[in-house]
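# Analysis of the macromolecular model
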Amino acid sequence: MIDFVQNTVDGIMFGSSYALLAVGFTIIFGVMRRLNLAFGATIMLGAYVGTWLHVNYQVNVLIIALAILASTVLTGVYVERLCFRAIRRDAALASMVSSFVIWMQLEEVAIHLLPERTYPFPSLFVVDAIEVGAFLFRAEHVTMLVLAVAMVGALHLLLHRTRFGLALRAMSENPRAASYMGIDTGRVMLCSFALVSLVGGVAGYTILATDEQITPFFGLWTTFKGLIAMMLGGMGSLPGAILGGLMLGVVEAHSQWYLGNEYKDLSAYILLFAILVLRPGGLMGRRILSREELAYRRV
C-alpha cells in the first residue's frame with residue numbers, strides 16, 4: 001500500500017508537467033481550432049539554448065532558466081508569424097502541415113547547435129530527497145508541482161479576470177464576432193502564442209532539471225506527451241488538459257514500478273486507446289461539444 005501511494009504521489013507531481021504541456025496545446029486549439037505541431041520543437045530549441053550556455057560557459061541556473069524562457073517565447077512568436085498569421089484561418093490543414101515543417105526546421109537548428117546525442121542539464125537542486133514518514137519526495141518533483149499549480153492558477157486568473165482573457169475566450173467562441181466587437185484578433189493571437197510558449201518553457205525546464213540530461217528526441221517526446229494528455233482530457237478543455245496530464249503521470253508511474261521502464265510509454269498509448277474507445281471526445285470533451293451545439297442552436 002505504501003508503494004501504491006508513493007507511486008501515485010510521484011505520478012501526480014511529474015504529471016503536473018504533462019498538464020502544462022497539454023495546456024499549451026489546448027489554448028491554441030481552443031482559440032484557433034488548429035494544432036500547433038511545432039510546440040514541442042519550440043520548447044526543445046529553447047532548452048538547447050540553455051544547455052548550450054551551460055556546456056560552453058557554465059552559467060548559473062537562474063541565467064539558464066531565463067535564457068530558456070526567452071528563447072522559447074521568441075521561437076513561439078516566430079512559429080505564429082510563419083505558420084498561423086501568414087495562412088488564412090479556414091486553411092487548418094495548411095497551417096498544421098506548415099507547423100510540422102517548422103518542427104523539422106527547429107530540430108535541425110537545435111541539432112546543429114549541439115550535435116552530440118546527449119548533453120548534461122543542470123539540476124535545480126543538489127539536496128537529498130525529502131522524507132515524510134514512510135514516503136520520499138524529490139525536491140525537483142515538489143518544485144515541479146508547485147510551479148504547475150502556480151501557473152495554472154495564474155492562467156485561470158488571466159483568462160477569467162482580465163480583458164485579455166475575455167478577448168481570448170471571445171475569440172475561442174466566435175472569432176468573426178470578436179473582430180466585429182473591436183477585438184484585435186492578431187494581437188490576441190500573438191500574445192496567446194507568447195503565453196503558451198512561456199508555459200511550455202517552464203514545463204520543459206522542470207522536466208529537464210529532473211532528468212538532468214537532454215537528447216534530440218526531447219521535442220518529439222514533449223509533443224507526444226502533450227498531445228496524449230490533451231486528448232485524454234478532451235481537446236479544447238483546460239480542466240481536461242490538467243486532468244489528462246495528471247492521469248498520464250499516475251499511470252506511467254505505476255506501470256514503471258509494477259511492469260518495468262520498458263512498459264512506461266506503452267501504458268500511455270493503451271490508456272489513450274481505452275479512453276478514446278469509451279469516451280471519444282476525451283474525459284471532458286463532451287462538455288465542450290455540448291456547449292458548442294447549444295450555442296449553435298441559440299444562434
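Rules behind the numbers
- Residues numbered from 1 in each chain as written.
- Predicted model: local features only at pLDDT ≥ 70, side-chain atom pairs only at ≥ 80, totals over all residues.
- Heavy atoms only, no water.
- Helix = DSSP H or I, 4+ residues; strand = E, 2+ residues; numbered from the N terminus.
- Rg over C-alpha atoms; globule rule 2.2 N^0.38 Å.
- Contact = heavy atoms within 4.5 Å.
- Buried < 20%, exposed > 50% of the residue type's maximum accessible area, 1.4 Å probe, protein only.
- Expected span 1.5 Å × (residues − 1).
- Core = buried A, V, L, I, M, F, W, Y, C linked by side-chain atoms within 4.5 Å.
- Axes fitted to C-alpha atoms, helices over the stretch in contact; angles between N-to-C directions.
- Parallel < 35°, antiparallel > 145°, perpendicular 65-115°, else oblique.
- Left-handed = near helix turned anticlockwise from the far one by under 90°.
- Phe/Tyr/Trp six-rings, centres within 6.5 Å; stacked < 30°, edge-to-face > 60°.
- Salt bridge = Lys/Arg side-chain N within 4 Å of Asp/Glu carboxyl O.

This brings us to the overall build of the protein. Within the protein, the secondary structure is distributed over twelve helices and four strands. In terms of overall size, the protein behaves like a compact globule, its C-alpha atoms giving a radius of gyration of 19 Å where 299 residues would be expected to give roughly 19 Å. For the C-alpha atoms alone, the extent of the protein along its principal axes is close to 60 × 45 × 35 Å. Considering only residue pairs separated by 6 or more positions, the protein has 78% of its internal contacts joining residues 24 or more positions apart.

Time to look at the environment of T222. Turning to its location among the elements, T222 is positioned in helix α9 (residues 218-233). Looking at T222, the relative accessible area reads 0%, which means it is buried. Separated by 58 residues in sequence, T222 and P280 have C-alpha atoms that sit 23 Å apart. Sequence-distant contacts of T222, that is, excluding residues within four places in its chain, are made with L21, F25 and G40.

It is worth spelling out helix α5 (residues 139-161) at this point. An α-helical turn contains 3.6 residues, so a residue and the one three or four places further along point in the same direction. For α5, which comprises 23 residues, the first-to-last C-alpha distance of 32 Å matches the rise-based estimate of 33 Å (1.5 Å per residue) to within 8%. Taken together, the buried positions of α5 are A139, E140, H141, T143, M144, A148, M151, L155 and L159. Where α5 is buried, its residues meet α1 (2-32), β3 (135-137), α6 (163-173), α8 (185-211) and α10 (238-258).

Here we take up the nonpolar core. In this structure, V79 and F218 are the most contacted members of the largest nonpolar core, which totals 70 residues. Beyond its immediate chain neighbours, meaning those up to four positions away, V79 contacts N36, A38, T42, F84, I102, L106 and F193.

Further remarks concern the packing of α1 against α10. Contact geometry for α1 and α10: axes closest at 5 Å, N-to-C directions at 140°. Classified by the angle between their axes, α1 and α10 sit oblique to one another. The crossing of α1 and α10 is right-handed.

A few words on unusual backbone geometry. A positive phi is found at Q58, a non-glycine position, where the angle reads about 50°. Of the residues examined, Q58 reaches a relative accessible area of 56% and is grouped as exposed. The phi dihedral of E212 is positive, around 65°, even though this residue is not glycine. Topologically, E212 is positioned in the loop between α8 and β4 (213-214). E212 sits in the partly exposed class, given a relative accessible area of 39%.

What follows concerns the packing of aromatic side chains. Tallied over the full model, the rule gives eight aromatic pairs. Seen from their ring centres, Y18 and W221 are 5.8 Å apart, and the 55° between their planes marks the pair as tilted. Residue Y18 is located in helix α1, and its partner W221 is located in helix α9; the two are separated by 203 residues in the primary sequence. We classify Y18 as buried; its relative accessible area is 0%.

With that out of the way, let us pick up the pattern of salt bridges. Counted by the stated rule, this structure contains five salt bridges. K225 is the salt-bridge partner of D265, the closest N and O atoms lying 2.9 Å from each other. Here D265 is found in helix α11 (residues 264-278), whereas its partner K225 is found in helix α9, with 40 residues between them in sequence. The exposure class assigned to D265 is partly exposed, which follows from its relative accessible area of 36%. Residue class for K225 comes out buried when judged on its relative accessible area of 4%. Residues joined in a network through salt bridges with shared partners are E80, R81 and R85.

Residue placement: N7 occurs in helix α1. The exposure class of N7 is buried, given its relative accessible area of 7%. Setting aside residues up to four positions removed in sequence, N7 forms contacts with A253, H254, W257 and Y258.

Contact geometry for helix α3 (residues 61-85) and helix α4 (residues 92-113): axes closest at 9 Å, N-to-C directions at 140°. As judged from the angle between their axes, α3 and α4 are oblique. α3 and α4 meet at a crossing whose hand is right-handed. Only S95, S98, S99, I102, Q105 and L106 of α4 make contact with α3, whose side of the interface consists of T75, Y78, V79, L82, C83 and F84.

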